[in-house]
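Single-letter residue listing:
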Amino acid sequence: EDITEKERAKLRTQELVERVERVSRVSADLPGFKDFTIVIKNLFENIKKTKDRTEIMRDLHSIKGLLGVYNFDSVAKKIHDLETSMSQTDQLKPN
């Protein structure tokens, strides 16, 4: 069996588990999830508006943490990768 196919199968299984956990978490706390979506939206809106690197990094970090609360682990990992990339490069100029 191809190792790539094994990795794909592992990823599909992980994604399925994440979805089930997410649905379970959301259904257990619908009002909290509504608040979560509002906060996430506001953080992304702030990131779009600002040029302040420190503020962007802080908002990304907050988004990453909030995503973990509702088992959006794969998205949180991508945010983490973005944080790492931004901290290692000079993509945005500080004020």
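With respect to the confidence of the model for the protein
- Scored by pLDDT, the protein has a mean of 89; 93% of the residues are at 70 or more.
- Confidence, expressed as mean pLDDT per element, reaches its minimum in the protein at helix α1 (residues 3-28) with 90 and its maximum at helix α2 (residues 30-49) with 96.

Some remarks on the packing of aromatic side chains
- In the structure shown here, the tally under the stated rule is four aromatic pairs.
- When the centroid spacing of 5.2 Å and the interplanar angle of 75° are considered together, the rings of Phe33 and Tyr70 count as edge-to-face. In this pair, Phe33 sits in helix α2 while Tyr70 sits in the loop between α3 (53-69) and α4 (73-88), placing the two residues 37 residues apart along the sequence.
- Accessibility expressed as a relative area gives 21% for Phe33, which makes it partly exposed.
- A relative accessible area of 4% means that Tyr70 is categorised as buried.
- Put simply, the rings of Phe33, Phe36, Tyr70 and Phe72 touch in pairs and so form one group of aromatic residues.
- Directly above the ring of Tyr70 sits Arg25, whose terminal nitrogen or CZ lies 5.3 Å from the centroid.

What counts and how
- Residues numbered from 1 in each chain as written.
- Predicted model: local features only at pLDDT ≥ 70, side-chain atom pairs only at ≥ 80, totals over all residues.
- Heavy atoms only, no water.
- pLDDT = per-residue confidence, 0-100.
- Helix = DSSP H or I, 4+ residues; strand = E, 2+ residues; numbered from the N terminus.
- Phe/Tyr/Trp six-rings, centres within 6.5 Å; stacked < 30°, edge-to-face > 60°.
- Buried < 20%, exposed > 50% of the residue type's maximum accessible area, 1.4 Å probe, protein only.
- Lys NZ or Arg CZ within 6 Å of the ring centre and 35° of its normal.

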